[in-house]
Amino acid sequence: QVQLVESGGGLVQAGGSLRLSCAASRLTFSEYDMGWFRQAPGKGREFVAGISWDLDSTSYTDSVKGRFTISRDNAKNTVYMQMNNLKPEDTAVYYCNAVQGTRGVFRSWGQGTQVTVSS
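Analysis parameters
- Residues numbered from 1 in each chain as written.
- Predicted model: local features only at pLDDT ≥ 70, side-chain atom pairs only at ≥ 80, totals over all residues.
- Heavy atoms only, no water.
- Buried < 20%, exposed > 50% of the residue type's maximum accessible area, 1.4 Å probe, protein only.
- Helix = DSSP H or I, 4+ residues; strand = E, 2+ residues; numbered from the N terminus.
- Pairing = 2+ DSSP bridges.

Participant: Quick one: what's the story with the pairing of strand β9 (residues 92-100), residue by residue and with numbers?
Facilitator: Most of β9 is tucked away: 8 of the 9 residues are buried. Across 6 bridges, the pairing between strand β4 (residues 34-39) and β9 is antiparallel. Across the sheet, residue Gly 35 finds its bridge partner in β9, namely Asn 97. Taken together, the 3 bridges between β9 and strand β11 (residues 113-118) define a ladder with antiparallel strand orientation. When the bridges of β11 are listed, Tyr 94 appears paired with Thr 113. Here 2 bridges tie β9 to strand β10 (residues 103-104), and the two strands are oriented antiparallel to one another. Along β10, the bridge assignment pairs Gln 100 with Arg 103. The turn linking β9 back onto β10 is made up of 2 residues, and Gly 101 within it adopts a positive phi angle of 65 degrees.

As structure tokens, then:
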């Protein structure tokens, strides 16, 4: 079973930055497009950003464009997301998964990492 372990969340003031990491195992990581999702309290999980298996392309939901940057290191089986100029509306639990378009591939999600942005 695929394992996805997210880390790097925390409490930050509006305008601050965080860098999330997701370590993946039990899959051929370099063959999968990867992405980040988030789930705010009382809301469904939404796609945030994605990166192709070959690092050739990235995509972002409109609300984070210009503030978040997704990257990956295939040698380390890890995907990252640098989050700058954070806003209170970015508060959510953040998850990673392999992606097809904007949908998660694996049913088994990690525990996520909590990001809380105070105003």
